[in-house]
Amino acid sequence: AQSVTQPDIHITVSEGASLELRCNYSYGATPYLFWYVQSPGQGLQLLLKYFSGDTLVQGIKGFEAEFKRSQSSFNLRKPSVHWSDAAEYFCAVVFPETGNQFYFGTGTSLTVIP
Amino acid sequence: GAVVSQHPSWVICKSGTSVKIECRSLDFQATTMFWYRQFPKQSLMLMATSNEGSKATYEQGVEKDKFLINHASLTLSTLTVTSAHPEDSSFYICSVGLAGRYEQYFGPGTRLTVT
């Protein structure tokens, strides 16, 4: 069965430090991959997506993510975190061979320390 | 991407009443809309897929008679929570799917509190 795992429920980083949020998926088919950010009481904003091609994708707000097929991973990174990055981050996966349903990870809550 | 709005952004209703939540695609025609539910500190749970002009497809465990979905036009889908109970209190988010593309754009969500 398809599933998405975000191993880190909560991460705390200092402002200016680097960040990596992990995302793993299970299923054999080729996935489409997304990262969304959600501020408290708000909807989801798309940070970046990967469909094919270059496995390192750039997104908004200085975020990037790298698709590693061998590890079934799509980790989100940012070289220098800003206080405004504090939010909930969701990884989502679509397996187009099986339909257009999004499978969401459980989310990672990011706290940024001044 | 698509711009999606939801109305209201928050609503409080009494137990036993019904409440309607609107989801609008503001800048393009959406043949498919999705409705999600999100509990505090949890991920999104897909409730149903709404297709314009046809009946919604509900996920397993979602009561279709309780959560009525109507996708009457290419820009509007509504979710009506009937005979609401406190356990229906949650954050409801809709999204719009782009035809032929595996992307979804999300509305800002509606906070429902049932007292």
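Preceding block: the structure.
Residues numbered from 1 in each chain as written. Chains lettered and ligands numbered in written order. Predicted model: local features only at pLDDT ≥ 70, side-chain atom pairs only at ≥ 80, totals over all residues. Heavy atoms only, no water.

Colleague: Any chance you could break down the overall build of chain B for me, citing the residues and the numbers?
Modeller: Each helix and strand counted, chain B has zero helices and 11 strands in total. Ordered by position from the N terminus, the helices and strands of chain B form the series β-β-β-β-β-β-β-β-β-β-β. Over its C-alpha trace chain B gives a radius of gyration of 13 Å, about what one expects of a compact globule, namely 13 Å for 115 residues. With respect to the principal axes defined by its C-alpha atoms, chain B has extents near 40 × 25 × 20 Å. Relative to its 115 residues, chain B shows a buried fraction of 50%. Across chain B, contacts joining residues at least 24 apart in sequence account for 53% of those joining residues at least 6 apart. Element-wise, carbon and sulfur atoms account for 52% of the exposed surface of chain B, whose accessible area totals about 5,600 Å². The centroid of the 10 positive side-chain charges in chain B is displaced by 5 Å from the centroid of its 9 negative side-chain charges. (Helix = DSSP H or I, 4+ residues; strand = E, 2+ residues; numbered from the N terminus. Rg over C-alpha atoms; globule rule 2.2 N^0.38 Å. Buried < 20%, exposed > 50% of the residue type's maximum accessible area, 1.4 Å probe, protein only. Contact = heavy atoms within 4.5 Å. Areas by Shrake-Rupley, 256 points an atom, 1.4 Å probe, with all protein chains shown as cover. Lys, Arg positive; Asp, Glu negative; His and termini not counted. Charge placed at Lys NZ, Arg CZ, Asp CG, Glu CD.)

Colleague: Can you lay out the nonpolar core for me, pointing to particular residues and giving the numbers?
Modeller: Residues A:Leu19, A:Trp35, A:Leu47, A:Leu48, A:Phe74, A:Leu76 and A:Tyr89 are the most contacted members of the largest nonpolar core, which totals 29 residues. Contributing elements (two or more residues each) for this core: β2 (10-14), β3 (19-21), β5 (32-38), β6 (44-50), β8 (64-68), β9 (73-78), β10 (87-94) and β12 (108-113) of chain A. Per element, the largest residue contribution to this core is four residues, and it comes from β10(A). In terms of nonpolar packing, the next biggest core, distinct from the first, is built from 26 residues, B:Ala2, B:Ala30, B:Ala56 and B:Phe67 among them. (Core = buried A, V, L, I, M, F, W, Y, C linked by side-chain atoms within 4.5 Å.)

Colleague: Account for the packing of aromatic side chains, with residues named and values stated.
Modeller: For the structure on display, the rule yields 20 aromatic pairs over all chains. Taken together, a centroid distance of 5.3 Å and an interplanar angle of 65° make the contact between A:Tyr32 and B:Tyr102 edge-to-face. Of this pair, A:Tyr32 sits in strand β5 while B:Tyr102 sits in the loop between β9 (90-97) and β10 (104-106), which puts the two residues in different chains. When the ring of A:Tyr36 is compared with that of A:Phe104, the centres are 6.2 Å apart and the planes differ by 45°; the resulting orientation is tilted. With A:Tyr36 in strand β5 and A:Phe104 in strand β11 (residues 102-104), this residue pair connects regions lying 68 residues apart in the sequence. This pair shows no difference in class: A:Tyr36 is buried, exactly as A:Phe104 is. Every member of this aromatic cluster is reached through a ring pair, and the members are A:Tyr32, A:Phe34, A:Tyr36, A:Phe51, A:Phe90, A:Phe102, A:Phe104, B:Tyr36, B:Tyr102 and B:Phe106. (Phe/Tyr/Trp six-rings, centres within 6.5 Å; stacked < 30°, edge-to-face > 60°.)

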